[in-house]
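Overview (structure and organization)
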Amino acid sequence: SQELEQSPQSLIVQEGKNLTINCTSSKTLYGLYWYKQKYGEGLIFLMMLQKGGEEKSHEKITAKLDEKKQQSSLHITASQPSHAGIYLCGADSNQGGKLIFGQGTELSVKP
Amino acid sequence: SAVISQKPSRDICQRGTSLTIQCQVDSQVTMMFWYRQQPGQSLTLIATANQGSEATYESGFVIDKFPISRPNLTFSTLTVSNMSPEDSSIYLCSSRQGPGELFFGEGSRLTVL
């Protein structure tokens, strides 16, 4: 079965600094999704990547999918306290539309 | 996009009791799923809720413990039966209409004493 590994598991950065979160799959990715979760709340969709080499940006967040479609990165530029939360990558399992998720990366941004 | 409402948003229950969580989507959707998020953990898929038929459960989850209903294309329920403290989690309803984004409800935070 497919597994997703995220790194790092947790991250503390100073406000204004850049950071990168990685998501590595044990199998080829057919769709890779990034979500953000504030503590104890639902998931907010950030971006979806499907093609090898694809890159998408929204505000200060950029996500990339590598050419081999087995690794994705999420980059935040000039981090702010509002970026704090848990970032989760999810992948299409290719079985009935369900997603499997990585273990999450907990981001704290210090003012 | 789909807006998903879950009820209750949180509850505290006694060991041995059962709780039913409701999930309402504001539009007809093809796929509905139930996930569990244990404290400090990621999301684990419990089952796919199938409209008009029995849910499809993932390994480690059984119908007797987590009965699911889906009477139509906009509504589903998840029951957590005979609860124990280990069932304390956030339960999340999600929906999807074809390929693309998986939408989530706000979650139902369950604490079992």
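Placed above this text is the structure.
This write-up is about the structure you can find in this document. If you're wondering where the values come from, they're calculated on a predicted model, not measured in any experiment. (Residues numbered from 1 in each chain as written. Chains lettered and ligands numbered in written order. Predicted model: local features only at pLDDT ≥ 70, side-chain atom pairs only at ≥ 80, totals over all residues. Heavy atoms only, no water.)

Before going further, it helps to spend a moment on the overall build of chain B. In terms of helices and strands, chain B carries zero helices and eleven strands. Reading chain B from its N end, one meets helices and strands in the order β-β-β-β-β-β-β-β-β-β-β. By the compact-globule yardstick of 13 Å for 113 residues, chain B fits well, its C-alpha radius of gyration being 13 Å. For chain B, the proportion of contacts with a sequence separation of at least 24, taken over those separated by at least 6, is 54%. Carbon and sulfur atoms make up 49% of the accessible area of chain B, which amounts to about 5300 Å² in all. Counting 8 positive and 9 negative side-chain charges, chain B places the centres of these two groups 4 Å from one another. (Helix = DSSP H or I, 4+ residues; strand = E, 2+ residues; numbered from the N terminus. Rg over C-alpha atoms; globule rule 2.2 N^0.38 Å. Contact = heavy atoms within 4.5 Å. Areas by Shrake-Rupley, 256 points an atom, 1.4 Å probe, with all protein chains shown as cover. Lys, Arg positive; Asp, Glu negative; His and termini not counted. Charge placed at Lys NZ, Arg CZ, Asp CG, Glu CD.)

Moving on, we come to the state of the cysteines. For the structure shown, the criterion picks out two disulfides over all chains. The side chain of C23 of chain A participates in a disulfide bridge whose partner is C89 of chain A; the two sulfur atoms lie 2.0 Å from each other. Taking the sign of the S-S torsion, about 75° here, the bridge from C23 of chain A to C89 of chain A comes out right-handed. Taken together, the residues span a long stretch of sequence, with C23 of chain A in strand β3 (residues 19-25) and C89 of chain A in strand β9 (residues 85-92) at a distance of 66 residues. Each member of the pair, C23 of chain A as well as C89 of chain A, carries the same accessibility label: buried. A disulfide bridge connects C23 of chain B with C93 of chain B, and the sulfur atoms are separated by 1.9 Å. Its torsion about the S-S bond being -65°, the disulfide of C23 of chain B and C93 of chain B is classed as left-handed. (Disulfide = S-S within 2.5 Å. Buried < 20%, exposed > 50% of the residue type's maximum accessible area, 1.4 Å probe, protein only.)

All names here are of chain A. Counting through the fold element by element, G16 comes out in the loop between β2 (10-14) and β3. Along the primary structure G16 and S79 are separated by 63 residues, whereas in three dimensions their C-alpha atoms are 4.8 Å apart. G16 has contacts with A78 and S79, leaving out every residue within four places of it along the chain.

Residue and element names in this part refer to chain B. If you trace the backbone, T79 turns up in strand β8 (residues 75-80). Taking relative accessible area as the criterion, T79 reaches 15% and is therefore assigned buried. Of note is the side chain of T79, whose polar atom sits 2.8 Å from the side chain of T20. Once residues lying within four places of it in the same chain are set aside, the contact partners of T79 are S18, L19, T20, K65, F66 and P67. (Polar contact = N/O pair within 3.5 Å; in protein donor to acceptor, adjacent residues only side chain to side chain.)

Here we take up the interface of chain A and chain B. Where interface size is quoted, it is often the accessible area lost as the parts come together. Taken together, the contact between chain A and chain B spans 18 residues of the former and 18 residues of the latter. Interface of chain A and chain B: buried area, both sides summed, is about 1500 Å²; carbon and sulfur atoms make up 52% of it. Ionic pairing is found between D92 of chain A and R96 of chain B, a salt bridge with its closest N-O pair at 2.7 Å. The interface formed by chain A and chain B holds eight residue pairs in polar contact (both at pLDDT 80 or more) in total. For the side of chain A that touches chain B, the elements supplying multiple residues, two or more each, are β4 (32-37), β5 (43-49), β9 and β10 (99-101) of chain A. Split into classes, the residues belonging to the side of chain A that touches chain B amount to eight nonpolar, seven polar and three charged. (Buried area = accessible area lost by both parts, 1.4 Å probe. Salt bridge = Lys/Arg side-chain N within 4 Å of Asp/Glu carboxyl O. Nonpolar A, V, L, I, M, F, W, Y, C, P; charged D, E, K, R; others polar.)

The strand order β1-β3-β8-β7 (chain B) describes an open sheet built from four strands, whose pairing is antiparallel. The open sheet terminates on both sides in strands that have one partner only, identified here as β1 (4-7) and β7 (68-69) of chain B. (Pairing = 2+ DSSP bridges.)

With that out of the way, let us pick up the packing of aromatic side chains. Considering all chains together, one arrives at eight aromatic pairs over all chains under this definition. For the pair Y35 of chain A and F45 of chain A, a centre-to-centre distance of 5.7 Å together with 70° between the ring planes defines the contact as edge-to-face. One end of the pair, Y35 of chain A, is in strand β4; the other, F45 of chain A, is in strand β5, with ten residues separating them in the sequence. Members of the aromatic cluster, each reached through a chain of ring pairs, are Y35, F45 and F101 of chain A together with Y35 and F104 of chain B. (Phe/Tyr/Trp six-rings, centres within 6.5 Å; stacked < 30°, edge-to-face > 60°.)

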